[in-house]
Each structure stands twice: as structure tokens, then as C-alpha cells.
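Understanding the architecture of this molecule
Chain by chain, the residues:
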Amino acid sequence: MFGGNPARAQEMGDGASLWIQEVFYTLQGEGPFAGDPAVFVRTAGCNIRCYWCDTDFESSTWRPALADLIAAIETHRPAHCDLIVLTGGEPFRQNIAPLVQQLLARGLRVQIETNGTLSIPLPVDDRLTIVCSPKTKQLHDAIVPRITAYKYVLAAGEVDPDDGLPMASTQKAGQRTRLFRPPSNTRVFVMPRDDGDAVANRAHQATAAGIAMRHGYRLCLQLHKLLDLP
Ligand SMILES: C[S@@+](CC[C@H](N)C(=O)[O-])C[C@H]1O[C@@H](n2cnc3c(N)ncnc32)[C@H](O)[C@@H]1O
Ligand SMILES: Nc1nc2[nH]cc(C(=O)O)c2c(=O)[nH]1
Ligand code: SF4
Ligand SMILES: [Mg+2]
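Treat the numbers as computed from the prediction; the structure is a model and nothing was measured.

Take the site of ligand 2 next. Near ligand 2 the following residues occur: Thr-26, Leu-27, Gln-28, Gly-29, Glu-30, Phe-40, Arg-42, Thr-87, Glu-113, His-224 and Pro-230. Here a nitrogen atom of ligand 2 sits 2.8 Å away from a polar atom, N or O, in the main chain of Pro-230. Computed on the free molecule, ligand 2 has an accessible area of 330 Å², of which 91% lies beneath the protein chains in the complex. Elements supplying a minimum of two residues to the shell around ligand 2: strand E1 (20-27) and strand E2 (37-43). Looking at the shell around ligand 2 residue by residue, the classes come out as 3 nonpolar, 5 polar and 3 charged.

This part is about the state of the cysteines. What we call a disulfide is simply a covalent bond connecting the sulfur atoms of a pair of cysteines. Per the stated rule, a full pass over the model turns up 0 disulfides. With no disulfide of its own, Cys-132 lies closest to Cys-50 among cysteine sulfurs, the gap being 11 Å. A residue is classified by how much of its surface remains accessible, and Cys-132, at 0% relative accessible area, is buried.

This part covers the packing of helix H1 (residues 66-76) against helix H2 (residues 97-105). The description of two packed helices rests on the angle between their axes and on the distance between the axes. Following both chains from N to C, one finds H1 and H2 inclined at 45°, their axes separated by 11 Å at the closest point. When the interaxial angle is binned, H1 and H2 end up oblique. Between H1 and H2 lies a crossing of right-handed hand. From H1, Leu-66, Leu-69, Ile-70 and Ile-73 reach across to H2, where they touch Pro-98, Leu-99, Gln-102 and Leu-103. For the contact of H1 with H2, the class distribution of residues is 7 nonpolar, 1 polar and no charged.

Inspection of the region around ligand 1 gives 21 residues, with Trp-52, Gly-89, Ser-133, Lys-135 and Asp-194 positioned closest. Measuring from a nitrogen atom of ligand 1, one finds a backbone N or O atom of Asp-54 at 3.1 Å. At 2.8 Å from an oxygen atom of ligand 1 is found a side-chain nitrogen or oxygen belonging to Lys-135. With the chains in place, 94% of the 550 Å² that ligand 1 exposes on its own is no longer accessible. The set of elements that each furnish at least two residues to the shell around ligand 1 consists of strand E4 (109-114), strand E6 (149-154) and strand E7 (187-192). Its residues placed into classes, the shell around ligand 1 shows 5 nonpolar, 8 polar and 8 charged.

Rules used in this analysis
Residues numbered from 1 in each chain as written. Chains lettered and ligands numbered in written order. Predicted model: local features only at pLDDT ≥ 70, side-chain atom pairs only at ≥ 80, totals over all residues. Heavy atoms only, no water. Near = heavy atom within 4 Å. Polar contact = N/O pair within 3.5 Å; in protein donor to acceptor, adjacent residues only side chain to side chain. Areas by Shrake-Rupley, 256 points an atom, 1.4 Å probe, with all protein chains shown as cover. Helix = DSSP H or I, 4+ residues; strand = E, 2+ residues; numbered from the N terminus. Nonpolar A, V, L, I, M, F, W, Y, C, P; charged D, E, K, R; others polar. Disulfide = S-S within 2.5 Å. Buried < 20%, exposed > 50% of the residue type's maximum accessible area, 1.4 Å probe, protein only. Axes fitted to C-alpha atoms, helices over the stretch in contact; angles between N-to-C directions. Parallel < 35°, antiparallel > 145°, perpendicular 65-115°, else oblique. Left-handed = near helix turned anticlockwise from the far one by under 90°. Contact = heavy atoms within 4.5 Å.

Following this line, the structure appears as C-alpha cells:
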């Protein structure tokens, strides 16, 4: 599962059906809504290939029509839960705009997890939150103004001593690359990388905590992994 995905180009269909990995109910484990009950929609496929990616998003053959996807979301969603998280894979690899519009029209909140390299036209709505976890030097110009918060995955020994943010490629192990830096007025979360190894992970956790305290970022942990939730 770590980083084995193919890199797939953006496929801008009409959004009437989407390739979906899974729909599941859980607690948001990361970022500004961490701890909130949420229905997750994991879209399939990604346009880049982080060698440490912790997610399977290539094993599904499910391509539901929008009405069926909405029905699946509603089947998983308790009445008290109004948060839908669109993640992946890379959600912006497909045309998720109709899905977003329909979820907002149902009075739900939508949070998108993205790598920030792609963009699609989306409604402006204060119930739509876009959280970007940068993986590259540059982001798509059109998405940067829409990003509410940045969430950097940090690893010990791979950060810039000046700002504490990543100085290492996410695509090629061992390569130095200064990842995109956030505009000054945007919230920054730092999250320790999970390498599937307790000793390495402890070092990443200590790094992320120290950087949060030194630079005033907000630490987030992958709560779901601590709680054995999906
Ligand atoms: C699987 S990605 C999917 C959404 C989008 N492609 C992205 O990268 O933001 C969801 C989140 O998991 C994080 N992530 C992926 N692999 C990780 C790992 N090994 N350790 C910590 N976070 C990881 C990503 O940085 C991102 O914030
Ligand atoms: N519980 C839970 N919270 C999450 N926040 C972001 C996730 C992701 O994979 O995008 C994720 C996830 O996979 N599970
Ligand atoms: S961009 Fe996100 S989904 Fe794609 S490989 Fe990287 S962490 Fe995984
Ligand atoms: Mg995850």
C-alpha cells in the first residue's frame, strides 16, 4: 500500500458518474475538523505517486451514477452527521463539482482533501472547505485562493530549519525538494508521517510537535490510526 499507485491523468468527464474506492462513516482524523463524525467518500486514482502514501485507492471497480453515490452516502450518514469528506486518491482528478453541488444543496458541509496540483470550478460556499496537503513545489494557481488550510506531512530530518516545513521530495525518496509554501494568512497544520515503523514514527511525531511549538503551527495526528478507525 505504501506508494504503489500508478500516476493517472485528470479525467474531466461530466461528473454524472465517478470512480469511487469506498464510502465509509468514521471520525475525521486529520486537519481542522479532526474529531468530527463524517462520511468519507474516497475517490479512486491519483495523479501523483507519493512513495509513502498510506492509502489503497486503486482496487475498486465501483463507478456509481451520482444518484447511487448520494444514496450510498445517505445510507452511511446518521442524522446528526452533516460533514462529508471527499478524499482519495486525488479528488480533483475527476469532475466532483456536481457531487459537491448536490451535497451542498442537501444542506451538508463538504470538506475536500487535496494535493493541490489540480483544480476544477467549484461553487463558492462557506460550507465548502478545501484542505491542501502539499506534495510538490508548485500548486495549481486556481486552487490556491480556495484553500482554507494547509496540512504538511513532516518527517524527521526532512524539514527546512528556517520554517520547519518539508524540504524533501514526496515522489522520490532521498531527493531534496522544497515543497510549496503557504500564503502568510492561511492556517498551517503539521502531521507526522506514518512510515509503518514505530521507531521512525516516534521521531516524526517528535519532529512535528517541536515544529508546531517553534513556529506556531497546529499539530494534528491521524486520530483514526490511534483509534483503529477507518
Ligand atoms: C491519502 S491522501 C488523499 C488526499 C490527497 N491526495 C492528499 O494527498 O491530500 C489523504 C491525506 O493522507 C496523508 N497521508 C498519506 N500518506 C501518509 C502517511 N504515510 N503518513 C501521514 N499522512 C499521510 C496525505 O498527506 C493527505 O493529507
Ligand atoms: N478517519 C480518517 N480521517 C481521515 N482524514 C483524511 C483521511 C484521508 O485518507 O484522506 C482520512 C482517513 O483515511 N480516515
Ligand atoms: S497525493 Fe495523496 S493520494 Fe496521491 S499518492 Fe500522494 S498522499 Fe497518496
Ligand atoms: Mg487516510
